[in-house]
Amino acid sequence: MLAGMHGEGDRKFPRGPQRGRPLPRRGRPGEPGGAAARAKGTSWEHVAAWYDKLTGDGGADYHRHLLIPAALRLLNVHAGQKVLDLCCGQGVLARALAQAGAAEVVGVDLSGALIQAARDRGGGEALRYVQADARALGPLADGSFDAAACLMAVHDVDDAGSLFRNLAAALKPAGRAVLVLMHPCFRVPRQSHWGWDDQLKTQYRRMDRYASEIAIPIATHPGARPGEHTMFFHRPLGTYLRLLASAGLAVTGGEELLSHHRSEPGGRSRAENRARGEFPVFLALQLLKLP
Ligand SMILES: C[S@@+](CC[C@H](N)C(=O)[O-])C[C@H]1O[C@@H](n2cnc3c(N)ncnc32)[C@H](O)[C@@H]1O
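Residues numbered from 1 in each chain as written. Predicted model: local features only at pLDDT ≥ 70, side-chain atom pairs only at ≥ 80, totals over all residues.

A. Spatial organisation of the site of the ligand. For the ligand, the set of nearby residues contains 22 residues, the closest of which are Thr42, Trp44, Cys87, Gly89 and Ala134. Taken together, the residues of the shell around the ligand break down into 13 nonpolar, five polar and four charged. (Near = placed C-beta within 6 Å. Nonpolar A, V, L, I, M, F, W, Y, C, P; charged D, E, K, R; others polar.)

B. Representation of the confidence of the model for the chain. Predicted confidence across the chain gives a mean pLDDT of 89, with 85% of residues reaching 70 or more. Across residues 1-19, confidence stays below pLDDT 50; counting only partners more than four residues off in sequence or on other chains, it has 39 contacts. Note on residues 24-38: pLDDT under 50 across the span, and 15 contacts to partners over four residues away in sequence or across chains. (pLDDT = per-residue confidence, 0-100. Contact = placed C-beta atoms within 7 Å.)

C. Region of interest: the pairing of strand 10 (residues 229-234). Side-chain alternation along strand 10 places Thr230, Phe232 and His234 on a buried face and His229, Met231 and Phe233 on a face that remains uncovered. The pairing of strand 9 (residues 214-219) with strand 10 spans six bridges and is antiparallel. The residue of strand 10 that forms the bridge with Pro217 is Met231. (Buried ≥ 20, exposed ≤ 12 C-beta atoms within 10 Å, placed from the backbone. Helix = DSSP H or I, 4+ residues; strand = E, 2+ residues; numbered from the N terminus. Pairing = 2+ DSSP bridges.)

D. Structural context of the environment of Val47. Relative to the helices and strands, Val47 is located in the loop between helix 1 (35-42) and helix 2 (48-55). For Val47, a count of 20 C-beta atoms within 10 Å puts it in the buried group. Put simply, Val47 and Thr220 are 173 residues apart on the chain and 7.9 Å apart in space, counted from C-alpha to C-alpha. Beyond its immediate chain neighbours, meaning those up to four positions away, Val47 contacts Thr220, Glu228 and Thr230.

E. Representation of the sheet that holds strand 2 (residues 82-86) in the model. Here we have seven strands laid out as an open sheet, ordered 4-3-2-5-6-12-11, and mixed in their pairing. The two strands at the open ends of the sheet, each matched to only one other strand, are strand 4 (127-131) and strand 11 (249-257). Across the sheet, the axes of successive neighbouring strands diverge by a mean angle of 15°, strand direction being ignored. Relative to strand 4, strand 3 (residues 104-109) runs parallel, the two being bridged by five bridges. Note on strand 4: the bridge partner recorded for Asp109 is Gln131. (Axes fitted to C-alpha atoms, helices over the stretch in contact; angles between N-to-C directions.)

F. Highlighting the pairing of strand 6 (residues 171-182). For strand 6, a buried count of nine out of 12 residues is recorded, marking the element as mostly surrounded by other parts of the structure. Across six bridges, the pairing between strand 5 (residues 145-151) and strand 6 is parallel. Its bridge partner being in strand 6, Ala148 is matched across the sheet by Ala177. In this fold, the crossover linking strand 5 to strand 6 by way of helix 6 (residues 160-170) has right-handed handedness. As judged from the seven bridges shared by strand 6 and strand 12 (residues 282-289), these two strands associate in the antiparallel manner. Bridge pairing links Ala177 to Leu287 in strand 12. (Right-handed = clockwise from strand over helix to strand, strands pointing away.)

Structure below.
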């Protein structure tokens, strides 16, 4: 997530009894824990008003400085193309894609309130929004898209394999995609922290867990509404690479995005800035649909 969500401030996540638990097993549609329950569980419907306000027209801090520029660079959308924005939220990337010249941008999200917020924010005739599940796109998985993006959302979806298969099915042969996510090697909410080594005068990154796939509840309003949370599904990088490969998506490029933030001069600012320059916050992967 972004500032105030699963971004640089992952130290801020409240520590509670639910420290992260193994990813839930997939249920069957209609069963408790099946498709309906899982859909409700990962939609951001319950926090839509908060997220829409936080993100605004042009995006929150990380959107504007890192995430959207990286997505546009790696996707390199050409005029006239048809682009899919999977898990589009309130349409912040979809609007940027339309501005970049895409002829048609289809934004998909599970949350009806965020889809409505996206429509209300306008952005031109090229934009169309559909409330749908990224794990089961139905008629949208029709092989008609030149390009696709999934921005800061794959870790909010419990079944990344289905998301990748649907993304691939939506693309034309040799279609391109970009996946931008919290860097799984350095940013695991509640399991990664900054630490200070007083002897070496060094700020270090501490990882408490990495290889385990874990579901982590993230409080959206710690303090004010203690029960309100979204779920974050951490997977190690190897899991993402394996799932992409089995969906027929080749990784053709990527960027590890470093924070643009700088500490005020004084105190530990040099060490903090050096650490920011060493440990990326986000990972952006450029993908190609294999024939
Ligand atoms: C962190 S938000 C990111 C939204 C947007 N891409 C952005 O950068 O602002 C994650 C989004 O994933 C959506 N989402 C979660 N599970 C989904 C699913 N199975 N299908 C479609 N959207 C889903 C949520 O409703 C939410 O809008």
